[in-house]
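# Observations on the three-dimensional arrangement
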Amino acid sequence: MAARFQGLMGWLGRVRAPAGDVLPVRLGGSRLWSTATRPSRAQGFDQPLVWVTVALLLWGLVMVYSASIAMPENPRFARYTHTYFLVRHAMWLVIAFAVALLAYQVPLASWEKFARPLFLISLVLLALVLIPHVGKVVYGARRWISLGPLSFQPSELAKFTVLLYAADYMVRKMDVKERFFRAVLPMGAAVAVVGVLLLAEPDMGAFMVIAVIAMGIVFLGGVNARMFFLIATVLVVAFGLMIAASEWRRERIFAYLDPWSEQNALAKGYQLTHALIAIGRGEIFGVGLGGSVEKLNWLPEAHTDFLLAVIGEEFGLIGVVTVICLFFWLVRRMMHIGRQAIALERVFAGLVAQGVAIWMGFQAFINMGVNLGALPTKGLTLPLMSYGGSAILINLAAIAVVLRIDQENRTLMHGGRV
């Protein structure tokens, strides 16, 4: 019986053995053929990450409409309809989903290959936006390039391209990462160039985010703690000098320290005081969707920088905590995907995923801190939720890249190839 079984297995081995590379396994003296190596197949993606992202986007769409519905009553926006910002935000969401689907199709090897050209393109755009009649001026800042009915903000693209460039840079400098002048200084020079262009707009908030992204990737890439703290010290001193050298930035800091004073309440502290009033009115459960009073042209930029204050007023403490928990989960999940990639010896992919997590987490932290009065007022939107087309587009493209990293991780763990 055993001899007959061995003969049958041998015949099956000769018939089913593939012509390509196979791995033989012996069982009871007989040779069995394992599955041949073959091109990778899609192994799925992180569906909870997708659904949390969609939840933030849809909630943001509803809140943008709620926060902007009364804006046409302001003479400055009298020519707009009540659904103007809702329609434009929805339009950008459709464009962003299309771009995200395209970004998901691009292998990480291609992103790594084109990291430096994309970084150079973002530098060119940051320079173009400073040219009169090319860059669009809003509230005294030249940050946008008009594209017909839409506007694009190059600083949002710069966040993503600096992230890619920093991850690629650390992979290339892995052998000399312990040497400051060969590993860290060139990266610092690249960030400094971006910073000069951003401060010329001016856009200190975007520069802060980009500096933190680059510093985080350099640290996660293996730079020792001594170098990391040296970089952090240099950045803190640099930002301190920028604030000290700018009168209106100093006034903003003083207004943050005492927003309720007679001097600040109707000046530099106006936004902060009304954001705190909005959150205070919301109490635990909020006044209900659409019931905000502060959005009725009391709180400036309610649909962009101070969207969380409107959420706090209409959904209360429960709504604010829910938003915080969703962002915490989003960041934690992307960091986990990055660690998985690094464990699979895909350092570039891992640093990109963790860089996106740092980006989303830090910007959300700054925006929430400003809305809650824990940080000085700074013009940074809440990722995925605030009104802002180019920000939504780049945010979704970055998350699509993280989903691609997760899909490639799953493919490799299932024995496929990428």
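Please refer to the structure higher up on the page.
Residues numbered from 1 in each chain as written. Predicted model: local features only at pLDDT ≥ 70, side-chain atom pairs only at ≥ 80, totals over all residues. Heavy atoms only, no water.

A few words on the overall build of the chain. In terms of regular secondary structure, the chain is built from 15 helices and 5 strands. Across the 418 residues in the chain, those meeting the buried criterion constitute 47%. Long-range pairs, those at least 24 residues apart, make up 69% of the contacts in the chain between residues at least 6 apart in sequence. (Helix = DSSP H or I, 4+ residues; strand = E, 2+ residues; numbered from the N terminus. Buried < 20%, exposed > 50% of the residue type's maximum accessible area, 1.4 Å probe, protein only. Contact = heavy atoms within 4.5 Å.)

Considering the arrangement of structural elements, one finds Arg-143 in strand E4 (residues 141-147). Nearest to the buried, unbridged Arg-143 among oppositely charged side chains is Asp-203, at 4.0 Å. Engagement of the side chain of Arg-143 in a polar contact is seen with the backbone oxygen of Pro-202, the distance being 2.7 Å. Beyond its immediate sequence surroundings of up to four residues, Arg-143 is in contact with Val-129, Lys-136, Phe-152, Gln-153, Pro-154, Glu-201, Pro-202 and Asp-203. (Lys, Arg positive; Asp, Glu negative; His and termini not counted. Salt bridge = Lys/Arg side-chain N within 4 Å of Asp/Glu carboxyl O. Polar contact = N/O pair within 3.5 Å; in protein donor to acceptor, adjacent residues only side chain to side chain.)

Let's shift gears to the packing of aromatic side chains. What the rule picks out here adds up to 11 aromatic pairs. Measuring from ring centre to ring centre gives 5.5 Å for Trp-59 and Phe-315, while their planes differ by 80 degrees; the resulting arrangement is edge-to-face. In this pair, Trp-59 is assigned in helix H2 (residues 47-68) and Phe-315 in helix H13 (residues 307-343), connecting sequence segments 256 residues apart. Pairing Phe-77 with Tyr-80 gives two aromatic rings, centres 5.7 Å apart and planes at 35 degrees, and the pair type is tilted. Each of the two residues, Phe-77 as well as Tyr-80, counts as buried. Following the ring pairs from residue to residue traces out a cluster consisting of Phe-77, Tyr-80, Tyr-84, Phe-85 and Tyr-387. (Phe/Tyr/Trp six-rings, centres within 6.5 Å; stacked < 30°, edge-to-face > 60°.)

What follows is about the sheet that holds strand E5 (residues 150-152). As summarised here, the arrangement of the 3 strands in space is E3-E4-E5, forming an open sheet in which the pairing is antiparallel. This sheet does not close on itself; its edge strands, each paired only once, are strand E3 (135-138) and E5. Recorded for the sheet is a direction-independent mean angle of 50 degrees between the axes of neighbouring strands. (Pairing = 2+ DSSP bridges. Axes fitted to C-alpha atoms, helices over the stretch in contact; angles between N-to-C directions.)

Here we come to the pairing of E3. Two elements, E3 and E4, share 4 bridges in a ladder whose sense is antiparallel. Across the sheet, Lys-136 pairs through a bridge with Trp-144, a residue of E4.

With that settled, the discussion passes to the environment of Ala-309. Looking at the element boundaries, Ala-309 is found in helix H13. Residues Ala-309 and Leu-276, spaced 33 residues apart in sequence, show a C-alpha to C-alpha distance of 7.4 Å.

What follows is about the environment of Pro-202. Counting through the fold element by element, Pro-202 comes out in the loop between helix H7 (180-199) and helix H8 (204-220). Judged by relative accessible area, which is 25%, Pro-202 ranks as partly exposed. For the pair Pro-202 and Leu-130, spaced 72 residues apart in sequence, the C-alpha separation works out to 9.7 Å. Beyond its immediate chain neighbours, meaning those up to four positions away, Pro-202 contacts Gly-140, Ala-141, Arg-143 and Arg-249.

What follows is about the packing of helix H6 (residues 154-172) against helix H14 (residues 347-371). It is the contact of H6 with H14, at a shortest axis distance of 9 Å, that shows an interaxial angle of 145 degrees. For H6 against H14, the interelement crossing comes out right-handed. Residues Glu-156, Lys-159, Phe-160, Leu-163, Leu-164, Ala-167, Asp-168, Met-170 and Val-171 of H6 form the contact with H14, whose participating residues are Val-347, Phe-348, Leu-351, Val-352, Gly-355, Val-356, Trp-359 and Gln-363. Tallied by class, the residues present in the contact of H6 with H14 amount to 12 nonpolar, 2 polar and 3 charged. (Left-handed = near helix turned anticlockwise from the far one by under 90°. Nonpolar A, V, L, I, M, F, W, Y, C, P; charged D, E, K, R; others polar.)

Turning our attention to H6. In this model H6 runs 26 Å from its N-terminal to its C-terminal C-alpha over 19 residues, within 8% of the 27 Å that 1.5 Å per residue would give. Summarising burial for H6: 17 of the 19 residues are buried, a large majority. (Expected span 1.5 Å × (residues − 1).)

What sits between the antiparallel neighbours E3 and E4 is a turn of 2 residues, in which Tyr-139 has the positive phi angle 55 degrees. Note: E4 against E5, 3 bridges, orientation antiparallel. The partner of Ser-146 across the bridge, within E5, is Ser-151. Remark: 2 residues form the turn of the hairpin made by E4 and E5, two consecutive strands paired antiparallel; Gly-148 in that turn has positive phi of roughly 70 degrees.

Of note, the bond from Glu-201 into Pro-202 is cis; its omega dihedral lies within 30 degrees of zero at 0 degrees. Phi is positive for Glu-283, which is not a glycine, with a value near 50 degrees. One can find Glu-283 in the loop between helix H12 (270-282) and H13. The residue Asn-297 is not glycine, and still its phi comes out positive at about 65 degrees.

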